[in-house]
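Here are the chains, one letter per residue:
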Amino acid sequence: MATLRFVLGDQLHRRVSSLVDLDPDVDTVLMVEVAAEATYVRHHKQKIAFLFSAMRHFAAELREEGIRVDYVQLDDPGNTGSFDGELERAVARLRPDRVVVTEPGEWRVAESMATWRDRLGLPVEIRDDNRFLCSRAEFARWSDGKSAYRMEDFYREMRRRTGYLMDAGSPEGGRWNFDRENRKPLPARLDPPDPPRFDPDAITREVLELVEARFGGHFGTLDGFRWAVTRHNALRALAHFADHRLGLYGDYQDAMRQGADFLYHSVLSPYINAGLLTPDEVAETAIRAYREGSAPLNAVEGFVRQLIGWREYVRGVYWARMPEFARSNALEAHRPLPWFYWSGETDMYCLAEAIRGTAQHAWAHHIQRLMVTGNFALLAGLKPAEVEEWYLVVYADAYEWVELPNVHGMILYADGGLLGSKPYASSGAYIDRMSDYCGRCRYDVKQRTGPDACPFNALYWHFIMRNEDRLRGNHRMRMPYGTLDKMKPARREELRASAEAFLASPAMSPDPASAARPARQPRLL
Ligand code: FAD
Ligand code: DLZ
Ligand code: SF4
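Every value quoted in this text rests on a predicted model; they were computed, and no experiment measured them.

Assignment of secondary structure puts Ile287 in helix H12 (residues 279–291). Ile287 sits in the buried class, given a relative accessible area of 9%. For the pair Ile287 and Arg98, spaced 189 residues apart in the sequence, the C-alpha separation amounts to 41 Å. Not counting residues within four places of it along the chain, the set of residues in contact with Ile287 comprises Tyr164, Leu165, Val300 and Val304.

Moving on, we get to the packing of aromatic side chains. In the structure shown here, the tally under the stated rule is 34 aromatic pairs. Sitting over the face of the ring of Phe132, Arg315 holds its NZ or CZ atom 4.0 Å from the ring centroid. Residue placement shows Arg369 over the ring face of Tyr395; its charged tip is 3.9 Å from the ring centre.

Let's shift gears to the side chain of Ser509. Residue placement: Ser509 occurs in the segment after helix H23 (489–503). A distance of 3.0 Å separates a polar side-chain atom of Ser509 from the backbone nitrogen of Asp511. Discounting chain neighbours no more than four positions away, the residues touching Ser509 are Pro338, Trp339, Ser514 and Ala515.

Within strand E4 (residues 98–102), 5 of the 5 residues are buried, leaving the element largely enclosed by the surrounding structure. Here E4 shows two buried faces, one formed by Arg98, Val100 and Thr102 and the other by Val99 and Val101. Here strand E1 (residues 3–6) runs beside E4; their pairing, made up of 4 bridges, is parallel. Residue pairing across strands places Thr3 opposite Arg98, the latter belonging to E4. Both E4 and strand E5 (residues 124–127) contribute to a ladder of 4 bridges, which runs parallel. Within E5, the residue paired with Val101 across the bridge is Ile126.

Thresholds applied
- Residues numbered from 1 in each chain as written.
- Chains lettered and ligands numbered in written order.
- Predicted model: local features only at pLDDT ≥ 70, side-chain atom pairs only at ≥ 80, totals over all residues.
- Heavy atoms only, no water.
- Helix = DSSP H or I, 4+ residues; strand = E, 2+ residues; numbered from the N terminus.
- Buried < 20%, exposed > 50% of the residue type's maximum accessible area, 1.4 Å probe, protein only.
- Contact = heavy atoms within 4.5 Å.
- Phe/Tyr/Trp six-rings, centres within 6.5 Å; stacked < 30°, edge-to-face > 60°.
- Lys NZ or Arg CZ within 6 Å of the ring centre and 35° of its normal.
- Polar contact = N/O pair within 3.5 Å; in protein donor to acceptor, adjacent residues only side chain to side chain.
- Pairing = 2+ DSSP bridges.

Structure follows, in structure tokens:
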């Protein structure tokens with residue numbers, strides 16, 4: 001039976017479920033570059049270039065294996081610009097007996113995929129995505145009947161199931177979680193080695209030109225494009241991480257330093273999410289480093305927890321709770337996204353630095369996403385939908401299945417505590433402890449109120465006060481409410497007034513024309 005095997009741009013693995021039983025004699029693989037996927041949100045230019053180039057390289061590798069690939073480039077004449085349109089054209093062109101595809105990562109694509117059988121008048125087989133360790137059905141069984149989920153419970157289940165870092169049924173080292181050891185600021189003497197840079201080859205250079213020509217107005221820059229676009233090079237990036245950065249990953253997982261954009265993070269998320277690497281091979285590489293004595297347990301456990309815990313967990317929550325998940329706004333946050341998230345023009349050094357790195361690499365590490373841009377969005381009460389769009393646009397690893405739970409649930413608490421037990425709210429003190437940013441900032445992290453005070457400080461108390469009805473009952477919020485109770489009413493008023501003055505200032509304007517511009521920063525957009 002001639003089968004058309006449709007491979008989406010983030011499914012670039014030879015053993016992805018849609019390809020496992022491919023018969024090169026009769027089957028054709030379809031891959032399509034379509035404008036709709038690049039513009040349904042205006043993705044960072046590097047994200048589009050990374051995926052288009054990785055898709056073109058993957059198609060070339062399949063062809064080298066003798067597999068027929070029908071590849072539609074973005075500027076091919078007749079390109080309809082959408083998955084639906086290109087699939088219809090391919091069916092008319094190739095007349096297959098059936099279509100086989102792996103389930104997509106995003107709800108909106110799943111909805112349109114569900115219409116393909118009727119639209120095409122052909123059998124369409126939608127297979128489980130075997131690039132995850134926990135299937136949607138398995139997660140549904142685990143989460144069934146729970147009103148709130150806890151990652152730690154899920155993670156232990158995954159450790160038992162995979163046998164990763166297990167010792168005769170017990171966790172390696174006697175503990176499930178070594179996070180307590182993983183909160184050190186980065187000492188000045190350490191200079192983390194950068195991840196490898198992969199110079200663009202001819203295919204990538206052609207794609208970079210195409211992306212600049214077609215999507216030049218999108219956020220970010222293509223300058224210095226450094227991503228691996230083949231599995232071969234993604235494996236080299238994995239080996240480099242295991243050899244040079246994994247050892248200190250745990251200790252400095254939460255650290256931030258001006259200009260040190262990658263620290264000891266793996267920077268593998270774009271590869272894993274696009275299919276160039278699989279989570280099991282990545283986890284097993286780290287575990288091997290531990291067994292061979294080249295990385296300590298706190299680093300390897302922390303890394304494996306992100307991969308088989310958080311990554312699988314957020315994906316499970318997404319599919320278990322969509323589409324309602326995206327609609328809640330538990331903290332009734334309605335403030336528009338300030339323009340500086342796009343321009344990077346802000347006097348708050350930590351935010352400027354996180355946004356600068358994001359524009360430069362289409363990547364930022366977890367603590368910048370969580371405790372800088374994320375914490376600010378939570379404290380300032382930014383509209384979930386606008387914050388979600390920003391995170392989906394700016395990162396090369398962003399797909400809705402992973403972005404939405406992290407943003408809607410983890411940073412904004414817009415799900416009311418389904419995904420995490422408390423909001424990650426924090427004042428400027430946390431950023432000061434974990435980074436060298438505050439010493440370079442025009443604001444004073446030690447001051448709580450007034451025009452020179454770090455805005456995070458008064459905003460933190462504003463957040464605590466305005467959400468009192470919703471959060472006081474949460475036992476994990478006992479500390480801040482205990483402190484609030486001891487605060488004199490006049491002090492509360494000062495904090496409230498200081499936060500409100502900041503929120504009403506041009507710094508917070510969503511409009512580029514009236515947004516405040518610091519004197520010395522370059523524009524990113
Ligand atoms: P490492 O720190 O080296 O971690 C190893 C791997 O674990 C990552 O490659 C990733 O696959 C996985 N991982 C770690 N944390 C998470 C997490 N919270 N959720 C899912 N997977 C995780 N990750 C994305 O892949 N895409 C996103 O769109 C995304 N959006 C985020 C938005 C916010 C607000 C926050 C707080 C986190 C987000 N993350 C997202 C999670 C995390 O920040 C990135 O996976 C990580 O920074 C990627 O860099 P890395 O590969 O060096 O990760
Ligand atoms: C992100 C993206 C972009 C920018 N372009 C394409 C594309 O042209 N063709 C394609 O197959 N996939 C692309 N993708 C990835 C898809 O958006 C992704 O497969 C869906 O969001 C489902 O997860
Ligand atoms: Fe960020 Fe406040 Fe520190 Fe400035 S003082 S870098 S705004 S935490």
